[in-house]
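Coordinate inspection notes
What follows is each chain in one-letter form.
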Amino acid sequence: MSADTDHRPLRGAPVERPLPVAVLRRTIRLHGREVTFLEAGAERGGPVVALLHGLASSSATWTRTVELLGAHAHVIAPDLLGHSRSAKSPSGDYSLGAYAAGLRDLLVTLGLDGATIVGHSFGGGVAMQFAYQFPELVRLTRLLLPLVPAVSVSELDGLMGAFTSFADHGARGAFAQTVRGTLNWSGQRLDGTERLYLLREIPVLLVGGARDAIIPVAHTARPAAGQPARGLRRRRARPAHRAAAAVRPGAGRLPRHHRARTRRSAVAATAAGRHAAGAGMTPGIPAGMNAWTVGEPGPIETGPLVYGRRPVPRPGPDELLLRVWACGVCRTDLHVSEGDLPVHRAHVTPGHEVVGDVVGLGTDVAAFAPGDLVGMAWLRRTCGTCVYCLRGAENLCPSSQYNGWDADGDYAEYVTVPAAFAYRLPAAFADPGMAVLLCAGIIGYRALVRAGLPTGGRLGLYGFGGSAHLCAQLTLAQGATVHVTDTPPLDYEHELFYEKEIRSVTANTRRDGVEFLDLAARYGLRPTRHRYPLAGAQQALQDLKAGRFDGAAVLVGPPEP
């Protein structure tokens, strides 16, 4: 990727007061093609808002909105491919899916892990498609301005007027390809409303203009009520999504007509403000906490971990804030601390085996409540759309993220976890020592399943650490025989050759966790654990490396001040 930044502020229509922030136009290369976009507020670290323009338009549509939102949000407004200053390839893919994937690639390239998506007209269709394909990247509210459930060709006069602004052949060709992909002689080919049920977990706001001469106001109201737009029939019954709807009395169709800029600014500012307000927090949560971080990775004997005060994290829209009761000490934490696993985030807090209670909820979380007993494991996020995720092997997802490596872990008093990757725990797991089940237990269970042990079979375990001693308990409870020995040197001739099999295990899936925790509760598994205070985490890792205990170690609270 290459990037060029024009640091000269853009000047739009005259204003009565100085611009709140400078708006920059940037150009980057994605997959060999130039993509231009407006950007403001990047240095503020606020919520990310992506603004998508309509067909035959450009990012200039949003100039004033970018100026306003940039005061308290990180705002980007790209020129969609085939539009304005972005590339216009005659062989380009101008489908909604391709535009959505392009937005995903832009966010990833900029190092952004999600955004509130705001779209106008065709940009609203791209926003919908983006939410369908990449729901994990939609941080709060996707705004469709307006939603276009149906539009006839005879109503395209306004768009055709904008079309004349394209001066080059490439732009006209891109426009034609986009139109062919979305319209036919009878009107719009695509029905975005029938997939609204996929967005049940994502707040959606539909905004229409009362003076819109192209798209009737009813086409905004019907999807919000869970009804299809007129002329569109549902193929099969699905749970309805009741999106919120708003109609602006003075707003019209095109961005430059009937105060449309004011309309978009007000709605987008509402979304960003709601995002910036953060999540609901239990009263009494302090501003700071004790936590460990990886300073300079190196041998654990040299003290690479740093203990000190850090701000209590705030959960994202789809996350929980947990008060850590206990966290397991895993050999992976040792690898991260010593640099065998190079840190993906500077000064990351290690740890990924948590038992704790919910003390904060993201704005989009509905499945948990304050006080719920919850567990957190190694796997933090996956893309949900790759071939591995779709076949149930999310542990192999190339975009997977992990607690204590890609994001701060639980060697701290508080930690956040995506609600979709949190485990609801029974009351029997309230013992802090049960934290080791969340990694050693789950990964051991996955290895046991892959071993294909028959009923009443014999299982050999080499070594007897955290995973092995829990596997042994579960296997014995299910009626198998267990043999334990030290890890021997391998004789390749006798133990590997002649098509003998070795199966490796990579991380775990959420299904592994649910299945194992259910079995652990059913059979009453009790891990052998050695307790350390949170302030003793470095010593616990040193003891783990030296083999000074069997079973597993766990850090318990309350931590020392």
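Counting restarts for each chain, with residues numbered from 1 along the sequence as it is written. The predicted origin of the model limits local features to residues at a pLDDT of at least 70 and limits the giving and counting of side-chain atom pairs to 80 or more, whereas totals for whole chains, interfaces and linings rest on all residues. Derived side-chain values reflect all non-hydrogen atoms in the structure, with water molecules and hydrogen atoms excluded from consideration.

Section: the overall build of the protein chain
Applicable threshold: In this text, helices come from DSSP runs of H or I with a minimum length of four residues, and strands from runs of E with a minimum of two, each type numbered from the N-terminal end. For each residue, the accessible area found with a 1.4 Å probe, counting protein chains only, is set against the maximum for its type, and the residue is called buried under 20%, exposed over 50%, and partly exposed in between. We call two residues contacting when some pair of their heavy atoms lies within 4.5 Å. Each accessible area is a Shrake-Rupley result for a 1.4 Å probe, and residues are judged covered by the shown protein chains and nothing else.
For the protein chain, the count of helices and strands is 14 helices and 25 strands. Across the 561 residues in the protein chain, those meeting the buried criterion constitute 52%. The contacts of the protein chain with a sequence gap of at least 6 include a subset with a gap of at least 24, amounting to 74%. Summing over all exposed atoms, the protein chain offers an accessible surface of approximately 25100 Å²; the carbon and sulfur share of this is 54%.

Thoughts on the environment of Leu470
Note that Leu470 resides in helix α11 (residues 466-477). Accessibility expressed as a relative area gives 1% for Leu470, which makes it buried. Between the C-alpha atom of Leu470 and that of Gly444, which follows or precedes it by 26 residues, the distance is 7.3 Å. Setting aside its immediate chain neighbours within four residues, Leu470 contacts Val436, Leu437, Ala440, Gly441, Leu525 and Pro527.

As for unusual backbone geometry
Of note, the phi angle at His31 is positive, near 55°, even though the residue is not glycine. Along the chain, His31 turns up in the loop between β2 (24-30) and β3 (33-40).

Here we look at the pattern of salt bridges
Should their charged atoms come close, side chains of opposite charge can pair. Selection rule: Take a side-chain nitrogen of Lys or Arg and a carboxyl oxygen of Asp or Glu: if they are within 4 Å of each other, that pair is a salt bridge.
Scanning the model with the defined rule gives 21 salt bridges in all. A salt bridge links Asp408 to Arg310; the nearest nitrogen and oxygen atoms lie 3.6 Å apart. Residue Asp408 is located in the loop between β19 (401-402) and β20 (414-418), and its partner Arg310 is located in strand β14 (residues 305-311); the two are separated by 98 residues in the primary sequence. A relative accessible area of 21% means that Asp408 is categorised as partly exposed. Three or more residues are tied together by salt bridges with common partners; here these are Asp318, Glu319, Arg380 and Arg381.

Some points on the pairing of strand β24 (residues 529-533)
Side-chain direction in a regular strand flips from residue to residue, so the side chains alternate between the two faces of the sheet. Heads up, the rule is: Pairing between strands is defined by DSSP: at least two bridges between the two strands are required. Note on handedness: a clockwise path from strand one over the helix to strand two, with the strands aimed away from the viewer, defines a right-handed crossover.
Examined bridge by bridge, β24 and strand β25 (residues 552-556) share five bridges and lie parallel to one another. By the bridge assignment, Arg529 is partnered in β25 with Ala552. The β-α-β motif built from β24, the intervening helix α14 (residues 537-546) and the parallel element β25 has right-handed crossover chirality.

Brief notes about the packing of helix α8 (residues 331-338) against α14
Here is the rule we go by: Throughout, an axis means a line fitted to C-alpha atoms (over the contacting stretch in the case of helices), and angles, computed between N-to-C directions, take values from 0 to 180 degrees. Each angle is binned into one of four classes, with values under 35 degrees roughly parallel, values over 145 roughly antiparallel, values of 65 to 115 roughly perpendicular, and all other values oblique. The nonpolar class holds Ala, Val, Leu, Ile, Met, Phe, Trp, Tyr, Cys and Pro. Asp, Glu, Lys and Arg form the charged class, and all remaining residues, Gly among them, are polar.
α14 packs onto α8 with a crossing angle of 105° between their chain directions and a minimal axis gap of 10 Å. As judged from the angle between their axes, α8 and α14 are roughly perpendicular. For the pair α8 and α14, contact is made by Arg331, Asp333, Leu334, Ser337 and Glu338 and by Leu541, Leu544 and Lys545, respectively. A per-class count over the contact of α8 with α14 returns three nonpolar, one polar and four charged.

Concerning helix α2 (residues 96-109)
One full turn of an α-helix is made of 3.6 residues, so residues set three or four places apart face in the same direction. What counts here: Expected span of a helix: the number of residues minus one, times 1.5 Å.
Taking 1.5 Å of rise per residue, the 14 residues of α2 would be expected to cover 20 Å, and the 20 Å separating its terminal C-alpha atoms lies within 8% of that figure. By the burial criterion, the buried members of α2 are Leu96, Tyr99, Ala100, Ala101, Leu103, Asp105, Leu106 and Leu107. Positive backbone phi, at 75°, marks Gly111, one or two positions downstream of α2.

Things to note about the nonpolar core
Counted only if it meets this: Among buried residues, the Ala, Val, Leu, Ile, Met, Phe, Trp, Tyr and Cys ones that are joined through side-chain atoms within 4.5 Å form a nonpolar core.
Ranked by size, the top nonpolar core spans 39 residues in total, and within it Leu320, Leu322, Val329, Phe368, Tyr411, Leu541 and Leu555 carry the most contacts. Residue contributions to this core peak at five residues, all from strand β15 (residues 319-329). Phe429, Val436, Phe516 and Ala520 belong to the second-largest nonpolar core, a separate cluster that totals 31 residues.

Structural notes on the packing of aromatic side chains
Selection rule: Working definition: a ring pair exists when centres of Phe, Tyr or Trp rings (six-membered ring for Trp) sit within 6.5 Å. Plane angles under 30 degrees give stacked, over 60 give edge-to-face, the rest tilted. Think of it as a cone above the ring: NZ of Lys or CZ of Arg counts as a charge over the ring if it is within 6 Å of the ring centre and within 35 degrees of the ring normal.
All told, the structure shown has seven aromatic pairs when counted by the stated rule. Consider the rings of Trp378 and Trp405, whose centres lie 5.9 Å apart with planes at 10°: the pair is stacked. Of this pair, Trp378 sits in the loop between β17 (373-376) and β18 (379-381) while Trp405 sits in the loop between β19 and β20; the two residues are 27 residues apart in sequence, bridging distant segments of the chain. Pairwise contacts between aromatic rings join Trp378, Tyr402 and Trp405 into one cluster. One Lys or Arg, Arg510, reaches over the ring of Phe421 and ends 3.8 Å from the middle of that ring.

A look at the packing of α2 against helix α3 (residues 122-133)
It is the contact of α2 with α3, at a shortest axis distance of 8 Å, that shows an interaxial angle of 70°. It follows from the interaxial angle that α2 and α3 lie roughly perpendicular. Listed contacts from α3 to Leu96, Gly97, Tyr99, Ala100, Ala101, Leu103, Arg104 and Leu107 of α2 are Phe122, Gly125, Val126, Gln129, Phe130 and Gln133.

Here's the deal with the pairing of β25
Among the five residues of β25, five are classified as buried, and the element is accordingly described as predominantly covered. Neither face of β25 is left uncovered, since the one carrying Ala552, Val554 and Val556 and the one carrying Ala553 and Leu555 both have all their residues buried. With four bridges joining them, β15 and β25 adopt antiparallel strand pairing. Counted as the bridge partner of Val329 is Ala553 from β25.

Overview of the side chain of Gln538
This is how it is decided: Think of a polar contact as two N or O atoms within 3.5 Å of one another; within protein, one of them needs to be a possible hydrogen donor and the other a possible acceptor, and neighboring residues in sequence only count if both atoms come from side chains.
As for its position among the elements, Gln538 is in helix α14. A distance of 2.7 Å separates a polar side-chain atom of Gln538 from the backbone nitrogen of Leu305. Discounting chain neighbours no more than four positions away, the residues touching Gln538 are Trp292, Ile300, Gly303, Pro304 and Leu305.

Thoughts on the environment of Leu322
Tracing the backbone shows Leu322 in strand β15. Separated by 54 residues in the primary sequence, Leu322 and Met376 place their C-alpha atoms 9.2 Å from one another. Residues in contact with Leu322, not counting those within four places in the same chain, are Val354, Asp357, Val358, Val359, Val374, Met376, Glu413, Tyr414, Val415 and Val417.

Quick notes on the confidence of the model for the protein chain
To keep things clear, this is the line we draw: Confidence scores here are pLDDT values: one per residue, from the predictor, ranging 0 to 100.
Model confidence for the protein chain is summarised by a mean pLDDT of 75, while 68% of its residues fall at 70 or above. Averaged pLDDT values over the elements of the protein chain bottom out at 40 in strand β1 (residues 3-6) and peak at 95 in β20. Taken as a whole, residues 227-242 scores under 50 in pLDDT and shows 31 contacts with residues more than four places along the chain or in a different chain. Predicted confidence is poor over residues 255-279, with pLDDT under 50, and the contacts of this stretch with residues over four places away or in other chains come to 65 contacts.

Quick look at the side chain of Asp357
Looking at the element boundaries, Asp357 is found in strand β16 (residues 354-361). Given the relative accessible area of 7%, Asp357 is considered buried. Only 2.7 Å separates the side chain of Asp357 from the side chain of Arg323, close enough to count as a polar contact. Non-local contacts of Asp357, meaning those with residues more than four positions away in its chain, are made with Leu321, Leu322, Arg323, Trp325, Gly371 and Asp372.

Considerations on α3
In this model α3 runs 17 Å from its N-terminal to its C-terminal C-alpha over twelve residues, within 8% of the 16 Å that 1.5 Å per residue would give. By the criterion of burial, α3 is predominantly enclosed, with eleven of the twelve residues buried. Restricting attention to buried positions, one finds in α3 the residues Phe122, Gly123, Gly124, Val126, Ala127, Met128, Gln129, Phe130, Ala131, Tyr132 and Gln133.

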